[in-house]
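Understanding the architecture of this molecule
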Amino acid sequence: VGNLGRYTQEEVLGSGSFGLVIRAIDQEAQPPVHVAIKLLPRGNFIKNFKTYVNREILHQSSLKHPFIISLREVFLTPTHLAIAMEYAKGGNLFHYVLQHKPLCRLSEAKAQWIFQQLIIGLDYCHRRGVANRDLKLENLLLDREGNTGIRPLLKICDFGFSKHEMNSSAKTSVGTPIYMAPEIIYGSNRYDAKMADLWSCGIILYAVLFGRYPFDAQDRDYARKIVNADYEVPVDVPVNPECVDLLLRILVADPAERLSIEDIKMHPWFLRDLPRGA
Ligand code: ADP
Ligand code: MG
Ligand code: MG
């Protein structure tokens, strides 16, 4: 992708809907550090440049928290908009879960550790007025390799669909279908993007605990199932009843009945002292 100034390109970390994310070294930092650079082709988004930049950069740039990827710098190359950010060397949570073979699911203690960080990071975003609207395993990064034995720190990334509450409640459907809240699928005129984020957190918790999603995009009936919160909690995976209770209170179709983030933080399973290192 051409010359990136003081950044030396190393490898591709991911390619997504809009562009490419690469790892690079900032040669001018003392000592030199790894960074991740998201490269967005300039041609694609030039029409909605302002909306685009707001979502992808402006909202995230105001967020400074250990559980959120921090932006370092934004610059233009002849062909791309480049967003240099903190590099998370553990990769994304989707890959992390896949490393746990053969069942591809996390222990309850690990799932809790991930979920606690997700909720605390998200609570910070919401208090700053920002909803992410694209929470999913691929957009949660980890700061260390999965097999070091030390529990990795979680970093929320990808604010490309984010929304600031100053711009009224959301009415566009964004996100990834299997993580989408019922009120979005249902096509409510206006929905509270923060409550929709919490639904996605429920999907994430379910996925890491059980190694599968509560809804299946292959199922031709899946939209109706989401709208009715018609899913099953597997009985063959031993998890604490308090954990199932929390899941059932988050994955509730009516956002008015869904647990608020305050209630989630007070829930017995959230606060439960699970054995370390399990
Ligand atoms: P998109 O908007 O196209 O989904 P993302 O910002 O989610 O782009 O990045 C795509 C993928 O690139 C992520 O799922 C992750 O695997 C990788 N990635 C993104 N940012 C970083 C980062 N800061 N550190 C390490 N990997 C990253
Ligand atoms: Mg993404
Ligand atoms: Mg994105």
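Please refer to the structure higher up on the page.
So, a few notes on the structure that sits alongside this text. The shown structure was predicted, so the numbers you read here are calculated from the model rather than taken from an experiment. (Residues numbered from 1 in each chain as written. Chains lettered and ligands numbered in written order. Predicted model: local features only at pLDDT ≥ 70, side-chain atom pairs only at ≥ 80, totals over all residues. Heavy atoms only, no water.)

Here we look at the pattern of salt bridges
In the structure shown here, the tally under the stated rule is 19 salt bridges. Between Glu11 and Arg23 there is a salt bridge whose closest N-O contact spans 3.4 Å. You can see Glu11 sitting in strand β1 (residues 7–15) and its partner Arg23 sitting in strand β2 (residues 20–26), a full 12 residues away along the chain. Put simply, Asp123 and Arg127 hold a salt bridge, and the shortest N to O gap is 3.0 Å. One end of the pair, Asp123, and the other, Arg127, are both in helix α4 (residues 108–127), 4 residues apart, so they sit about a helical turn from each other. Looking at Asp123, the relative accessible area reads 8%, which means it is buried. A cluster of three or more residues bridged by salt bridges with shared partners is formed by Arg6, Asp26, Glu28, Arg72 and Glu73. (Salt bridge = Lys/Arg side-chain N within 4 Å of Asp/Glu carboxyl O. Helix = DSSP H or I, 4+ residues; strand = E, 2+ residues; numbered from the N terminus. Buried < 20%, exposed > 50% of the residue type's maximum accessible area, 1.4 Å probe, protein only.)

A closer look at the nonpolar core
Soluble, globular proteins show a tendency: their nonpolar side chains are buried together. Ranked by internal contacts, the top residues of the largest apolar core, which has 66 residues, are Leu93, Phe115 and Ile264. Top element by residues in this core is helix α6 (residues 193–210). It accounts for 14 residues. Other than its neighbours up to four places away in sequence, Leu93 contacts Ile114, Leu137, Leu140, Leu142, Ile204 and Val208. Ranked by size, the runner-up nonpolar core spans 13 residues in total, among them Ile57, Leu81, Met85 and Cys157. (Core = buried A, V, L, I, M, F, W, Y, C linked by side-chain atoms within 4.5 Å. Contact = heavy atoms within 4.5 Å.)

Notes on the site of ligand 1
Neighbouring ligand 1 are 17 residues, the closest being Lys38, Glu86, Glu138, Asn139 and Asp158. Residue Glu86 places a main-chain N or O atom 2.7 Å away from a nitrogen atom belonging to ligand 1. Contact with the protein chains removes 90% of the 550 Å² of surface that ligand 1 exposes when unbound. For ligand 1, the cavity whose grid points lie within 2 Å of the majority of its atoms is the largest pocket. Contributions of two or more residues to the shell around ligand 1 are made by β1, β3 (33–41) and β5 (80–86). (Near = heavy atom within 4 Å. Polar contact = N/O pair within 3.5 Å; in protein donor to acceptor, adjacent residues only side chain to side chain. Areas by Shrake-Rupley, 256 points an atom, 1.4 Å probe, with all protein chains shown as cover. 1 Å grid on protein atoms, 1.4 Å probe; cavity = no way out; pocket = protein on both sides within 12 Å on 5 of 7 lines; lining within 4 Å. Sits in = over half its atoms within 2 Å of the grid points.)

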